[in-house]
Amino acid sequence: MDAEELFSKFREDVESRPEEFIEEYKRVEEEIENSSARYMGDPINFLFQPVFFTKDDLAWLESVLSQLTDILFKTVEEYKRNESFRRVFPFSKKTEELVLADPGYENPFPMARFDVFYDYDEGLKFCEFNTDGSAGMNEARVLQNAVYGSKAFDFLPDECEVNYYSPMENWIDNIIGIYHEFAGQNRDPETLAIVDFKGEGINSEFEEYEKRFEKRGYNTVIKDPRELSYDGHNLTAGSEKIDLIYRRATTHKIIERYQEAEPFLNAYKDGNVCVVGGFSSQIVHNKSLFAILQEPKYTDFLTAEEQEFVKNHFPLSRIFHEGDRSLREKLIEDKEGFLLKPFDKFAAHGVYVGDDFDRDEWEEKVDEVQGNNYIAQEYCDVPKKEFLYVDDGELSFEQFGYLIGLFMYSQEINGLYTRVGRENVIASLVECFTLPNFLVENCDG
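Keep in mind that what you see is a predicted model, and the values were worked out from it rather than measured.

Let us look at the sheet that holds strand S13 (residues 274-276). Taken in spatial order, the 4 strands of this open sheet run S8-S7-S12-S13, and their pairing is parallel. Where the open sheet ends on each side, the last strands, each with one partner, are strand S8 (219-223) and S13. When the angles between neighbouring strand axes are averaged without regard to direction, this sheet yields 25 degrees. The strands touched by helix H7 (residues 167-183) within the sheet are strand S12 (244-247) and S13, with S13 carrying the most contacts at an inclination of about 150 degrees.

Have a look at this one:
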C-alpha cells in the first residue's frame, strides 16, 4: 500500500468503530497532558492521526534534499570567499563577523529543520529553512510514543512494519560527534550547556535534553548566554568550565543583546569552546536566501540544473526593498497571491498573508514593511487532507492544511514533524496541531 491507501484504510477503520477511537484518543490526551510536550507552558495541541511515509516517499525526499544540500553548501562557500556576494545578505557587521568565524568543525549547518509543503505524488515546495535554534524534537518524540502501538495501527496487515525516528537521541549522537571533531576523538566534554535566553526557549525540551545528556554521563546545565563568563581561555558558568554548548538562542536575539552575551561570543570567536549551532548556519537560516538564490546576477556559481531546482522547489521570492514601486504595485494588485515574511523571525511572527486582509488593510501592511527586512513571497497552495479530529467527544474527519518539518542532522533525515491548521498560516499564533509520523513498510498484504 502507498501512503494514500494507508490514509484511506485508517479512515475506514476509524469509521467502523468510532467509540473505541474516542476512548483511545482520551487515553493519549491524558498521556500528553502529563508529558513534557508543552508549548508556552501548556500541553501541545495534537490530532490522533498518524501521518504515513513509505520507503518510496523517504527515498524521493532524500533525493530532493541531497540536491538542496549541494546548493546550500555551495552558497556558504560563495559567501565565505566572495565579498561582493556577502554584501547581498542583510547582515550587520557583527553578524557577518560571527558568520565568518571558524566554529572548529566542517559542517556549516549540522542541524536543520526544513519545513516543506509536500503533497506526496504532487511534489514539494520549501517553506523555510530552520537552522538556528530549531525546535520540535521533543513534541515529535512524545506524540509518536503515545500513539505507537495504539488502535491507530490495528488496520494494518500483520506483516506490516511500523517504525519511527528518534530525533532527540539521534541529535545527541550528532552533537557528541561534532565535539569529537572539534576536540579530538579521544576527548569527551566534561560539562556542556544548553544555552538560550530565559523566557525565550522551550524549557521542557531543554530539560528533556538535559536528562538524556546526564544519562550518558555528561554533566549538563541550562544557561542564559548572559550568565557565562570568559577569561580569555575558559568559558565558565559559575565555577564550572564549559566545554560544549548546544546553542538554542537564535542569532537574531543574540545580536539584539550582543553586549550582554559578549563573553560567550568572544570565546566562540577565539575557538575556546565548541558551539554546536555555529553562526555560519545563519546564511541558510535567513529568509532573504530564498530571494537571493532566485536572482541570476547573484547565482553564477550554481549550475543550470541547480538554478532550475531552485525555480521548481522555491516559492517565488523577492527582497522588498525600499522604493521598489514595481513590486509594491504587484503586491497590491495580486494580494491573494502573496505573503510578506520577515528575514529572521520564527513561529510565524510578523508573517502577513494577503488573503487575510481587505485591500486597504493590505496596502497599509505593504507600506509598513517595505524596506524593513522583509521578503515578498508567492503564496503556495498549502496541501490539504482530511484528518481525524476529536472535539468535545465527537469524532469527524475535517480538512486541514499541513506542513512537514524534516529534521536534518549532518544532512540526513533523522526526524519528521508534521503540523496542521485551517488558517492560511500554520503556526501556534493562529491554529496549529501536531501529528505523529511513522515509517510503514511491507504493507502489500
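Taken together, Asp2, Glu5, Asp56, Asp121, Glu122, Asp158, Glu159 and Asp444 make up a surface patch of like negative charges. Checked against the element boundaries, Asp444 lands in the segment after strand S22 (437-441). Judged by its relative accessible area of 70%, Asp444 is exposed.

What follows covers the packing of aromatic side chains. This structure, assessed with the given rule, holds 46 aromatic pairs. Ring centres 6.2 Å apart and planes at 70 degrees place the aromatic pair Tyr352 and Phe357 in the edge-to-face group. A residue is classified by how much of its surface remains accessible, and Tyr352, at 18% relative accessible area, is buried. Site record: aromatic cluster; members linked through ring pairs are Phe7, Phe10, Phe21, Phe48, Phe52, Phe53, Trp60, Tyr118, Tyr120, Phe155, Phe387 and Tyr402. When the ring centre of Tyr258 is taken as origin, the NZ or CZ atom of Lys94, which lies over that ring, is 4.7 Å away. Arg422 extends its terminal NZ or CZ atom over the ring of Tyr389, reaching a point 4.9 Å from the ring centre.

The next thing to look at is the sheet that holds strand S6 (residues 161-163). Within the open sheet, the 3 strands sit side by side as S3-S22-S6. Their pairing is mixed. Two strands bound the open sheet, and with one partner strand each, they are strand S3 (51-53) and S6. Geometrically, the sheet is characterised by an average inter-axis angle of 35 degrees between neighbouring strands, direction not taken into account. Looking at chain direction, S3 and S22 are connected through 3 bridges and run parallel. Residue pairing across strands places Val51 opposite Asn437, the latter belonging to S22. Across the sheet, helix H1 (residues 3-16) touches S3 and S22, and the angle it forms with S3 is around 150 degrees.

By size, the foremost hydrophobic cluster in this structure holds 85 residues, and its most contacted members are Phe53, Phe126 and Phe129. For this core, the element with the most residues is helix H3 (residues 55-81), which contributes 9 residues. Residues contacting Phe129, with those up to four places away along its chain left out, are Leu68, Leu72, Arg113, Phe114, Val284, His285, Leu289, Phe290 and Phe314. Grouped together as the second largest cluster of nonpolar side chains are 25 residues, Ile176, Ile178, Tyr218 and Tyr417 included.

Where helix H6 (residues 137-147) meets H7, the closest approach of the two axes is 8 Å, and the angle between their N-to-C directions is 140 degrees. With respect to their mutual orientation, H6 and H7 come out oblique. When H6 is examined against H7, the residues Met137, Asn138, Ala140, Arg141 and Gln144 are found in contact with a partner set consisting of Pro167, Met168 and Trp171. Of the residues belonging to the contact of H6 with H7, the class tally is 5 nonpolar, 2 polar and 1 charged.

Even without being glycine, Asp392 reaches a positive phi, approximately 55 degrees. Here Asp392 is to be found in the loop between strand S18 (384-391) and strand S19 (394-409). Residues other than glycine seldom take positive phi values, yet Ser410 does so here, at roughly 50 degrees. Here Ser410 lies in the loop between S19 and strand S20 (412-421). Using a relative accessible area of 32% as the deciding quantity, one classes Ser410 as partly exposed.

Okay, helix H13 (residues 304-313) next. All buried positions along H13 are accounted for by Glu306, Phe309, Val310 and His313. Viewed along the axis of H13, the buried residues span an arc of 100 degrees, placing them on a single side of the element. Across H13 from its buried face, at more than 90 degrees, point the exposed residues Ala304 and Lys311.

Calculation rules
Sequence order sets the numbering: in each chain, residues are counted from 1 along the sequence as written. Predicted model: local features are reported for residues with pLDDT of at least 70 only, side-chain atom pairs are reported and counted for 80 or more only, and whole-chain, interface and lining totals are derived from all residues. Only heavy atoms go into the side-chain values, all of them from the structure, while hydrogens and water stay out. Two strands make a pair as long as DSSP finds a minimum of two bridges between them. Helix and strand definitions here come from DSSP, where helices need a minimum of 4 consecutive H or I residues and strands a minimum of 2 consecutive E residues; each element is numbered from the N-terminal end. Here an angle of 0 to 180 degrees is reported between the N-to-C directions of two axes, which are lines fitted to C-alpha atoms, with helices fitted over the stretch in contact. We call two residues in contact whenever any of their non-hydrogen atoms come within 4.5 Å of each other. The patches described consist of residues with a relative accessible area above 30% and no salt bridge, like charges being joined within 9 Å and nonpolar side chains (Val, Leu, Ile, Met, Phe, Trp, Tyr) within 5 Å. Where accessible areas are quoted, they stem from the Shrake-Rupley method and a 1.4 Å probe; at the residue level, only the protein chains shown are allowed to cover. Take a side-chain nitrogen of Lys or Arg and a carboxyl oxygen of Asp or Glu: if they are within 4 Å of each other, that pair is a salt bridge. We count Lys and Arg on the positive side and Asp and Glu on the negative side, and we leave His and both chain ends out. Just so you know, the charge point we use is NZ for Lys, CZ for Arg, CG for Asp and CD for Glu. The cut-offs for exposure are 20% and 50% of the maximum accessible area for each residue type, with area from a 1.4 Å probe on protein chains only; residues under the lower value are buried, those over the upper are exposed, and the others partly exposed. Whether two aromatic rings pair depends on their centres lying within 6.5 Å, for rings of Phe, Tyr and Trp, where Trp uses its six-membered ring; planes under 30 degrees apart make the pair stacked, over 60 edge-to-face, and the rest tilted. When the NZ atom of lysine or the CZ atom of arginine is within 6 Å of a ring's centre and also within 35 degrees of its normal, the charge is said to sit over that ring. For the purposes of this section, nonpolar cores are sets of buried Ala, Val, Leu, Ile, Met, Phe, Trp, Tyr and Cys residues that join through side-chain atoms within 4.5 Å. Relative orientations are named as follows: roughly parallel for angles under 35 degrees, roughly antiparallel for angles over 145 degrees, roughly perpendicular for angles from 65 to 115 degrees, and oblique for any other angle. Basically, the charged four are Asp, Glu, Lys and Arg, the nonpolar ten are Ala, Val, Leu, Ile, Met, Phe, Trp, Tyr, Cys and Pro, and anything else, Gly included, counts as polar. Arc, as used here, means the arc of the directions from the helix axis to the C-beta atoms.

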